[in-house]
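Secondary and tertiary structure notes
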Amino acid sequence: MDEPLVRWDWIARNWDNGSPLAIRTLLENHVVMAFAPVLFGLLLALPIGLACARWRLLYQPATAVMNIVYAMPSLALFSILLSVTGLTQTTVIIPLTLFSLAVLIPAVVDGMTSVPDHVRQSAVAMGFRPLRRLLQVELPIATPVVLAGVRVATVASISLVSVGALIGQGGLGALFTDGWQRQFYTPIIVGIALIVLLAVGADLVLIALQRLLTPWSRARRSA
Amino acid sequence: MNWLIDFFGNPDNWSGSDGIPVRLLQHVEFSVLAFAIAALIALPLGLLIGHTGRGGVIVVLSANAARALPTLGLLVLVVLLIGVGTIWPVLIPLVALAIPPILVNTYEGIRGVDADLRDAAYGMGLRGPQVLFRALVPVALPLILLGLRLAAIQVVATATVAAYVGLGGLGRYIIDGLATKDYPSVFGGAVLVVLLALAVQFGFALLHRVIVSPGVRQVR
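This one's a predicted model, so the numbers in the text were calculated from it and none came from an experiment. (Residues numbered from 1 in each chain as written. Chains lettered and ligands numbered in written order. Predicted model: local features only at pLDDT ≥ 70, side-chain atom pairs only at ≥ 80, totals over all residues. Heavy atoms only, no water.)

Moving on: the overall build of chain B. For chain B, the helix and strand inventory stands at 10 helices and 0 strands. Traced from its N-terminal end to its C-terminal end, chain B shows the element sequence α-α-α-α-α-α-α-α-α-α. Across its three principal directions, the C-alpha atoms of chain B cover 65 × 40 × 25 Å. Per-residue burial for chain B yields a buried fraction of 50% across its 220 residues. (Helix = DSSP H or I, 4+ residues; strand = E, 2+ residues; numbered from the N terminus. Buried < 20%, exposed > 50% of the residue type's maximum accessible area, 1.4 Å probe, protein only.)

Given below as structure tokens:
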């Protein structure tokens, strides 16, 4: 074993050396390409999910479409889009947004379904009009379920961005192709470690956010 | 569209060692192997921790962390470490990919069964394993099948990446096509993988219809 698994000096030299393969640059690109799809996905999933929860007839076809989208391999979508959007971050962001939608739309619908009927009726009886009822009663109650979906979508997105390296836009995934081409372990291990850390960190932030947004769920448990 | 006709209309793509039937079989072969290994590990474990309730939190947390493992990175690392003599190195990342959804859904499915039902089963004189297999599993089956389906689809979709380290399967069309700017091949490969994944999806829908008890189906 002449080649060590991790060359720490390589990490230090390549952290921020100004090249497009500097670890810091890749990390920043990775964060953009991983979080943008979840954000766009959530913005799209909220209206679509609410519509599906309101008109259940829509949900069946929407689920069918989302199941098909979910079955598409990311690499296939990246390469198909490559001919349209070229070698840009958009090529990665669009498919990942679709994957996020496939997770988030059911989450929004399940969240709305989790609102107990008596709560909804109480709100109506108290004079809440539909919009205010949605914003102040239904969405807050749906938050834990929606956020659970956001957590799944975020972790999946962070992990999937790296496949983009095969079409030249993979954030930290570039460390995998680089390491493979040079038969060099260090970049690969650094890439895996940073991606897992990023995902675990984002997950913890989302858990904290959920505790912050739904203080009542904690109060009930401690009572 | 023309690209698809170029690809599927080319007779060369239908025969020989890089023809569609051979590539498809290779793809199915290591997808099935990886899926089977993952199911053999995750199903019993999920049933066990779901039934006993021990270690559930830790397993779910670590399964969620495992979801973050980038398959491409794992694949490249394992193949560099072990070499590509056999397909086993490729199976490791795919198995790692398939375990979390099966494990978490099986666990949550068994855990989520109504406590009254569990008590009733014990009250009728069933013993531990009987309660699990005659009462809990049938009720949890929709969720368990969902986990298996998600895992199978992810394996089929991600097995394309295996082509990057030189393995066969449908990913070859995409990776080789990208390398040589042969876009009909990229497109055709992508379409084939999507069709295969949809076939898996359909298969599971059918399985769901056959093995899930009609009574349980009504509730969900």
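Once that is clear, we can look at the interface of chain A and chain B. Contact with chain A, which involves 36 residues of that partner, is made by 36 residues of chain B. Carbon and sulfur atoms make up 80% of the area that chain A and chain B hide from each other, which totals about 3100 Å². Taken as a group, Tyr-70, Leu-166 and Trp-180 of chain A account for 20% of the area that chain A buries against chain B, more than any other trio of residues on that side. Counting across the interface, chain A meets chain B through 1 residue pair in polar contact (both at pLDDT 80 or more). Among the secondary structure elements, those contributing two or more residues to the side of chain A that touches chain B are helix H3 (59-71), helix H4 (74-85), helix H7 (130-160), helix H8 (174-181) and helix H9 (185-213) of chain A. Classifying every residue of the side of chain A that touches chain B by side-chain character gives 26 nonpolar, 9 polar and 1 charged. (Contact = heavy atoms within 4.5 Å. Buried area = accessible area lost by both parts, 1.4 Å probe. Polar contact = N/O pair within 3.5 Å; in protein donor to acceptor, adjacent residues only side chain to side chain. Nonpolar A, V, L, I, M, F, W, Y, C, P; charged D, E, K, R; others polar.)

Here the focus is the nonpolar core. Looking at soluble globular proteins, one finds that nonpolar side chains tend to be buried together. The biggest cluster of nonpolar side chains holds 110 residues, and the ones touching the most others in it are Leu-72, Ile-102, Leu-148 and Tyr-164 of chain B. The element that contributes the greatest number of residues to this core is helix H7 (residues 128-158) of chain B, accounting for 15 residues. In this structure Leu-148 of chain B touches Phe-35, Ala-39, Leu-43, Ile-102 and Phe-204 of chain B, once residues within four positions along its chain are discounted. Counting 21 residues, the second largest nonpolar core, distinct from the first, contains Met-66, Val-109, Leu-134 and Ala-153 of chain A. (Core = buried A, V, L, I, M, F, W, Y, C linked by side-chain atoms within 4.5 Å.)

All names here are of chain B. Interhelical geometry of helix H2 (residues 20-52) versus helix H5 (residues 88-111) gives an angle of 30° and a closest axis separation of 7 Å. In this structure, H2 crosses over H5, and the sense of that crossing is right-handed. The residue makeup of the contact of H2 with H5, split by class, is 23 nonpolar, 4 polar and 1 charged. (Axes fitted to C-alpha atoms, helices over the stretch in contact; angles between N-to-C directions. Left-handed = near helix turned anticlockwise from the far one by under 90°.)

What follows concerns the pattern of salt bridges. Residues and elements named next belong to chain A. Counting across every chain of the model gives 9 salt bridges over all chains. For Glu-28, the salt bridge goes to Arg-24, with nearest N and O atoms at 3.2 Å. With Glu-28 and Arg-24 both in helix H2 (residues 23-54), this residue pair falls 4 residues apart, about one helical turn. On the basis of relative accessible area, Glu-28 is assigned to the partly exposed category, the value being 41%. For Arg-120, the salt bridge identified is with Asp-117, shortest N-O distance 3.7 Å. Residue Arg-120 and its partner Asp-117 are both found in helix H6 (residues 117-125); the two are separated by 3 residues, about one turn of the helix. A residue is classified by how much of its surface remains accessible, and Arg-120, at 21% relative accessible area, is partly exposed. (Salt bridge = Lys/Arg side-chain N within 4 Å of Asp/Glu carboxyl O.)

If you check UniProt for "domain: ABC transmembrane type-1" (unreviewed entry), the listed places come out as residues 27-206 of chain A in our numbering. Split by type, residues 27-206 of chain A is 82% helix and 0% strand. Its first and last C-alpha atoms lie 20 Å apart. (UniProt positions renumbered as here; feature names shortened; annotations may be inferred.)

Residue and element names in this part refer to chain A. Turning to its location among the elements, Asn-14 is positioned in helix H1 (residues 8-14). With a relative accessible area of 15%, Asn-14 lands in the buried category. Excluding anything up to four places from it in sequence, Asn-14 contacts Ala-22 and Ile-23.

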